[in-house]
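If you want the building blocks of each chain, they are given just below.
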Amino acid sequence: MKKELVYVSENIKGEELQSFVLKYFLIEEHVDVPGGFGFYSYGIEILKEGASGSESRAAMSISPDRQEVLDFILRMAKGAVTPSAFYDVICDELFKKSLDMCKTLCS
């Protein structure tokens, strides 16, 4: 597994007006397939660091498309998605992606 820092959002003010930093990481995993070729799968980790401590969340194997995951990270960074909201955002994105795929297949 390899982790690469993609984006850092600094001096974000929380509800208590305390500053914190958000770091967004791309996680790369090589998946071995028995008797076949392996492939890479990409995930995301968000780390929030502040005076009161740190918090992180990760989601593995979101997509085998590196650019798709990088684009998603940048959209989350633009919206300052925190670890506490991360799983809801991931679920919404995956639901939208599967709905779009169904629309394409059924039209």
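Residues numbered from 1 in each chain as written. Predicted model: local features only at pLDDT ≥ 70, side-chain atom pairs only at ≥ 80, totals over all residues. Heavy atoms only, no water.

Caption draft 1: A look at the overall build of the protein chain. When helices and strands are tallied, the protein chain shows 2 helices and 4 strands. The order of helices and strands in the protein chain, counted from the N terminus, is β-β-β-β-α-α. When the backbone C-alpha atoms are referred to their principal axes, the protein chain occupies close to 50 × 35 × 15 Å. For the protein chain, the residues scored as buried account for 28% of the 107 residues in total. A separation threshold of at least 6 residues defines the contact pool for the protein chain, and within that pool the share at least 24 residues apart is 46%. For the protein chain, the distance from the average position of its 12 positive side-chain charges to the average position of its 17 negative side-chain charges is 3 Å. (Helix = DSSP H or I, 4+ residues; strand = E, 2+ residues; numbered from the N terminus. Buried < 20%, exposed > 50% of the residue type's maximum accessible area, 1.4 Å probe, protein only. Contact = heavy atoms within 4.5 Å. Lys, Arg positive; Asp, Glu negative; His and termini not counted. Charge placed at Lys NZ, Arg CZ, Asp CG, Glu CD.)

Caption draft 2: Here's a closer look at the sheet that holds strand E4 (residues 53-63). An order of E1-E2-E3-E4 is seen for the 4 strands of this open sheet, with the pairing classed as antiparallel. In this open sheet, the two strands that pair with only one neighbour each are strand E1 (2-13) and E4. Each strand of the sheet is rotated relative to its neighbour by a mean of 15 degrees, with strand direction disregarded. Across 8 bridges, the pairing between strand E3 (residues 39-50) and E4 is antiparallel. The residue bridging Lys 48 from the neighbouring strand is Glu 55, located in E4. Sheet strands in contact with helix H1 (residues 66-78) are E1, strand E2 (19-31), E3 and E4, and its direction is about 170 degrees off that of E2. Along the sheet, helix H2 (residues 83-106) contacts E2, E3 and E4; its crossing angle with E4, the most-contacted strand, is approximately 15 degrees. (Pairing = 2+ DSSP bridges. Axes fitted to C-alpha atoms, helices over the stretch in contact; angles between N-to-C directions.)

Caption draft 3: Seen up close, the packing of aromatic side chains. Applying the stated rule across the entire model yields 2 aromatic pairs. The aromatic ring of Phe 20 is capped on one face by Lys 48, whose charged end is 4.3 Å from the ring centroid. (Phe/Tyr/Trp six-rings, centres within 6.5 Å; stacked < 30°, edge-to-face > 60°. Lys NZ or Arg CZ within 6 Å of the ring centre and 35° of its normal.)

Caption draft 4: Up close: the environment of Thr 82. When you line up the elements, Thr 82 lands in the loop between H1 and H2. Under the relative-accessibility criterion, Thr 82 is labelled buried at 17%. Separated by 19 residues in sequence, Thr 82 and Ser 63 have C-alpha atoms that sit 21 Å apart. Excluding residues that lie within four positions of it along the chain, Thr 82 makes contacts with Phe 20, Leu 22 and Ile 46.

Caption draft 5: Structural detail: the nonpolar core. Of all hydrophobic cores here, the largest spans 19 residues; its most connected members are Tyr 24, Ile 44, Ile 46, Val 69, Met 76, Phe 86 and Ile 90. Where this core is concerned, the elements lending two or more residues are E2, E3, E4, H1 and H2. Residue contributions to this core peak at 6 residues, all from H1. Look past the residues within four positions of Ile 46 in its chain and what remains in contact with it is Leu 22, Lys 23, Tyr 24, Glu 55, Ser 56, Arg 57, Met 76, Val 81, Thr 82, Pro 83 and Phe 86. (Core = buried A, V, L, I, M, F, W, Y, C linked by side-chain atoms within 4.5 Å.)

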